[in-house]
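Observations on the three-dimensional arrangement
Here is how the chains run, residue by residue.
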Amino acid sequence: MNKAKCIMVQGTMSGAGKSLLCTALCRIFAQDGYRVAPFKSQNMALNSFVTRSGLEMGRAQVVQAQAAGAEPDVRMNPILLKPSSDVGSQVIVNGEVRGQMSAADYFRMKRSLIPEILAAYHSLAAENDIIVIEGAGSPAEINLKADDIVNMGLAKLVDAPVLLAGDIDRGGVFAQLYGTVALLEPEERARIKGLVINKFRGDVEILRPGLAMLEERTRLPVLGVVPYLPVDIEDEDSLSQRLEGGSAVKPLDAAVLRLPHISNFTDFIPLEQHPLLQVRYVQSPRQLGVPDLVILPGTKNTMEDLLWLRQSGLEAALHKLRAQDVPVLGVCGGYQMLGEELADPEGTEGGTPRTLRGLGLLPIRTRFNAGKRRTRTGAVVCAAPFAGAALEGYEIHTGSTETRGEPFCTLADGTPEGCVQGNVFGTYLHGLFDTGELTRQLVDFLCLRKGISPEHTALLPMEQYRQQQFDLLAAGVRRALDMDAIYAAMELERRKTL
């Protein structure tokens, strides 16, 4: 039986760039002719994905699988935690909901999941040449180390060599790396094969004296200084810088409401590629202004985020915009909010049974229950003015919605889906802009309303755009890292690339 080699990327903190480095390594190893799979034993994120087998996994490992040229597989992310409050998460194991747990309850039971983690890992290792493992947060969280299943605890279980990455963009990278190494046990330090400085801007020669001192004090080699690369790779969670808003000024303005529990905002990355459309994420009526389009995205806690819209003044602002006939699009949880009523008789979302008035912009009613719909499907939009646009996407939501209005699209099996009333559109379908067809028709519609000429620029389908960005990422990281040392750490011979 084949037994894959592995390499693990740990970071000095959340947001140090572990996901991006793992994505780059997946692409590099695949380019070098190896069969590669990503792996993260436990992921905490609200951006998730439905596999072909109808199971749920974290988006970061989906992106890494795509970079490796592999089909996303739930074994790549056996545990997914989807925060639904400050102290609780939905726990998903092997793609299925295991339950809603408080942080304390999950902490007490997580070691019992080790057999399932190892079963997933070893199954992947039997089918691949290299497993690229991503850690989480920092391995030096001394209050969590005793029951660790995602950093050094996992590295020990699968005997993984480790690369430790620090984020120089936030400052203090030498303290990050030295302090992390210093807090590790001797056997943990021995697993680290090299340090990586990530997100560097400027002349690397300026760093040389500091690198030499860091190597002397940690007794570990610095295997590379990775520059801040101008690539566009889908983000894992709400730490994403794209949510902070861009400075680009374009003729059309789309405002995405940045809900407290926003999820799957990756749906809107294709819109950002259009030369005429600016996409902003907003949290207040002042930021909202008067855009050409308002988007309500998905959320892990629809009821709480609906109340937040109400309390923040965004609900009133949205109704004022609708009085001016500004189009509104709701996706998944955002679609549910647009309805007349949201009922949660079992307390599925927050533990307390309740019924809330919706935004009242669509003739729909949603009732939550413990079941979750997970499916991938094609669809064709039937709603004017986007009729005929072919979509490829997935549904992942709790709750069922009854509608009295016209459908937004027709699914591949002929089922009507979503709802439309005037210029308000709602759908459960994530990934609806990936094919590019709806993007083009949406921009044409907004241009017509604003009296400007649409630019029929040839837009790359999202999949082709992703592959292009993976190649750019891999090229930049390959130049920056000592790949010979990384292959040696895995005890694997480096193949000659074409």
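This text goes with the structure placed above it.
First, a word on scope: everything that follows refers to the structure included in this document. (Residues numbered from 1 in each chain as written. Predicted model: local features only at pLDDT ≥ 70, side-chain atom pairs only at ≥ 80, totals over all residues. Heavy atoms only, no water.)

With that settled, consider the overall build of the protein. A count of helical and extended segments in the protein gives 16 helices and 26 strands. A globule of 498 residues ought to have a C-alpha radius of gyration of about 23 Å, and the protein, at 23 Å, matches this closely. Its C-alpha atoms give the protein principal-axis dimensions of roughly 65 × 50 × 45 Å. Classification of the 498 residues of the protein by burial places 58% in the buried group. For the protein, the proportion of contacts with a sequence separation of at least 24, taken over those separated by at least 6, is 74%. Summing over all exposed atoms, the protein offers an accessible surface of approximately 20,100 Å²; the carbon and sulfur share of this is 52%. With 52 positive and 59 negative side-chain charges, the protein shows a separation of 2 Å between the mean positions of the two kinds. (Helix = DSSP H or I, 4+ residues; strand = E, 2+ residues; numbered from the N terminus. Rg over C-alpha atoms; globule rule 2.2 N^0.38 Å. Buried < 20%, exposed > 50% of the residue type's maximum accessible area, 1.4 Å probe, protein only. Contact = heavy atoms within 4.5 Å. Areas by Shrake-Rupley, 256 points an atom, 1.4 Å probe, with all protein chains shown as cover. Lys, Arg positive; Asp, Glu negative; His and termini not counted. Charge placed at Lys NZ, Arg CZ, Asp CG, Glu CD.)

Before going further, it helps to examine the nonpolar core. Ranked by size, the top nonpolar core spans 65 residues in total, and within it Leu257, Leu288, Val294, Leu296, Leu359, Phe408 and Leu438 carry the most contacts. When residues in this core are grouped by element, the largest group, six residues, is from helix H14 (residues 437-450). Those residues in contact with Leu288, other than ones at most four positions away along the chain, are Ala255, Leu257, Arg280, Val282, Val294, Leu314, Ala317 and Leu321. Among the nonpolar cores identified, the runner-up in size contains 54 residues, and Cys6, Ile133, Val162 and Ile168 belong to it. (Core = buried A, V, L, I, M, F, W, Y, C linked by side-chain atoms within 4.5 Å.)

The subject of this paragraph is the packing of aromatic side chains. Under the defined criterion, the tally for this structure stands at eight aromatic pairs. Note on Tyr34 and Tyr487: the rings are 6.0 Å apart at their centroids and 40 degrees apart in plane angle, and the pair reads as tilted. Here Tyr487 lies in helix H16 (residues 483-489) and Tyr34 lies in the loop between helix H1 (18-31) and strand E2 (36-39), a separation of 453 residues in the sequence. For the residue pair Tyr34 and Tyr487, the accessibility class agrees, reading buried in each case. Each ring, one from Phe39 and one from Tyr121, has its centre 5.3 Å from the other, and the planes form 80 degrees; the classification is edge-to-face. Pair noted here: Phe39 is in strand E2 and Tyr121 is in helix H4 (residues 114-125), with a separation of 82 residues, a long-range link. Phe39 sits in the buried class, given a relative accessible area of 0%. The side chain of Arg201 reaches across the aromatic face of Tyr228, ending 3.7 Å from its centre. (Phe/Tyr/Trp six-rings, centres within 6.5 Å; stacked < 30°, edge-to-face > 60°. Lys NZ or Arg CZ within 6 Å of the ring centre and 35° of its normal.)

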